[in-house]
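# Observations on the three-dimensional arrangement
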Amino acid sequence: MEEEEKMPQDLKEKFLNNILNDSDRLSRLINNILDFEKLSTGRQQLDIRRNNIKKTISKAISSIQHIASNKGIKIINEDDVDFEFDYDEDRILQVLTNLLSNAIKFTESNNGIISVDYILKEKNIEVYVRDNGNGIPDEDFKYIFDKFYQTSDQNTRKPQGSGLGLAISKQIIENHNGKIWAEKGKKVGATFGFKLPFN
């Protein structure tokens with residue numbers, strides 16, 4: 001009891017914050033693992049409805065805009081064509097938010113630009129998230145969609161996230177009978193794309 005009383009208040013608060021942050025991280029990791037397991041075994045049913053992809057992209061950007069603004073990063077979306085087709089909006093928002101979060105994480109503060117666009121191509125809609133950040137090291141391309149994989153390009157920083165975001169995104173897109181990929185051969189930045197079929 002005496003030892004506890006001797007501990008300064010600011011140190012107590014620091015320990016408490018660390019415990020709360022670790023608890024939050026653990027909770028997110030457990031939720032991500034459960035989410036991935038449900039998606040990969042087909043136990044998670046998609047809520048397929050008619051949605052507008054332009055509005056879905058706007059929602060994803062709005063949900064993460066404050067984080068980008070705090071880092072001085074611009075997110076650009078100049079698509080002005082409304083297009084509606086059937087997909088699970090919550091799940092596609094999850095994919096877009098993950099791709100945008102990764103772009104923010106690996107893009108330089110006060111100099112970053114992220115663009116989101118989509119095109120219609122052969123009964124598919126293709127969505128692209130591009131940034132002018134660090135890019136993807138060649139050795140990572142084979143593994144970036146594997147669960148728990150974290151890129152080697154985190155330098156000496158403590159890895160952020162669970163390493164499940166892209167694996168979950170891949171599962172969501174495949175459950176929509178689509179495909180997700182990262183483009184190779186880019187000299188600057190990273191480009192992720194995914195396509196979803198429509199009738």
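All values derive from a computational prediction rather than experimental measurement.

Turning our eyes to something else, we now look at helix 5 (residues 165–175). Within helix 5, burial applies to Leu-166, Ala-167, Ile-168, Ser-169, Gln-171, Ile-172 and Ile-173. Downstream of helix 5 by a residue or two, Asn-177 has a phi angle that is positive, lying close to 60°.

Applying the stated criterion across every chain, the model contains five aromatic pairs. Between the aromatic rings of Phe-83 and Phe-85, the centroid separation amounts to 5.7 Å while the plane-to-plane angle is 40°, which identifies the pairing as tilted. Residue Phe-83 is classed as buried on the basis of its relative accessible area, which comes to 16%. Note on Tyr-128 and Trp-181: the rings are 6.0 Å apart at their centroids and 75° apart in plane angle, and the pair reads as edge-to-face. Here the residue Tyr-128 occupies a position in strand 5 (residues 124–131), and Trp-181 occupies one in strand 6 (residues 179–182), the gap between them amounting to 53 residues. Of the residues examined, Tyr-128 reaches a relative accessible area of 11% and is grouped as buried. The rings of Phe-83, Phe-85, Tyr-87 and Phe-198 are connected pair by pair, giving a single aromatic cluster.

Attention now moves to the packing of helix 3 (residues 53–70) against helix 4 (residues 89–105). One can describe the packing of helix 3 onto helix 4 by two numbers: an axis separation of 9 Å at closest approach and a directional angle of 40°. With respect to each other, helix 3 and helix 4 are oriented oblique. Judged by the sense of rotation from one axis to the other, the crossing of helix 3 with helix 4 is right-handed. Residues Ile-53, Thr-56, Ile-57, Lys-59, Ala-60, Ile-61, Ser-63, Ile-64, Ile-67 and Ala-68 of helix 3 form the contact with helix 4, whose participating residues are Glu-89, Ile-92, Leu-93, Leu-96, Thr-97, Leu-100, Ser-101 and Ile-104. The class makeup of the residues in the contact of helix 3 with helix 4 is 12 nonpolar, four polar and two charged.

If you trace the backbone, His-176 turns up in the loop between helix 5 and strand 6. Engagement of the side chain of His-176 in a polar contact is seen with the backbone oxygen of Ile-172, the distance being 2.9 Å.

Our next topic: helix 4. Note that an α-helix has 3.6 residues per turn; residues three or four places apart therefore point the same way. A rise of 1.5 Å per residue sets the reference length of helix 4, with its 17 residues, at 24 Å; its end C-alpha atoms lie 24 Å apart and thus fit the reference within 8%. Burial within helix 4 is extensive, with 12 of its 17 residues counted as buried. Listed as buried for helix 4 are Glu-89, Arg-91, Ile-92, Leu-93, Val-95, Leu-96, Asn-98, Leu-99, Leu-100, Asn-102, Ala-103 and Ile-104.

This part takes up the packing of helix 4 against helix 5. Direction vectors running N to C along helix 4 and helix 5 enclose 145°, while the axes themselves pass 9 Å from each other. Like other packed secondary-structure pairs, helix 4 and helix 5 cross with a definite hand, here left-handed. Where helix 4 approaches helix 5, its residues Arg-91, Ile-92, Gln-94, Val-95, Asn-98, Leu-99 and Asn-102 are matched on the opposing element by Gly-165, Leu-166, Ile-168, Ser-169, Ile-172 and Ile-173. Grouping the amino acids of the contact of helix 4 with helix 5 by side-chain chemistry returns seven nonpolar, five polar and one charged.

The rules behind the values
- Residues numbered from 1 in each chain as written.
- Predicted model: local features only at pLDDT ≥ 70, side-chain atom pairs only at ≥ 80, totals over all residues.
- Heavy atoms only, no water.
- Buried < 20%, exposed > 50% of the residue type's maximum accessible area, 1.4 Å probe, protein only.
- Helix = DSSP H or I, 4+ residues; strand = E, 2+ residues; numbered from the N terminus.
- Phe/Tyr/Trp six-rings, centres within 6.5 Å; stacked < 30°, edge-to-face > 60°.
- Axes fitted to C-alpha atoms, helices over the stretch in contact; angles between N-to-C directions.
- Parallel < 35°, antiparallel > 145°, perpendicular 65-115°, else oblique.
- Left-handed = near helix turned anticlockwise from the far one by under 90°.
- Contact = heavy atoms within 4.5 Å.
- Nonpolar A, V, L, I, M, F, W, Y, C, P; charged D, E, K, R; others polar.
- Polar contact = N/O pair within 3.5 Å; in protein donor to acceptor, adjacent residues only side chain to side chain.
- Expected span 1.5 Å × (residues − 1).

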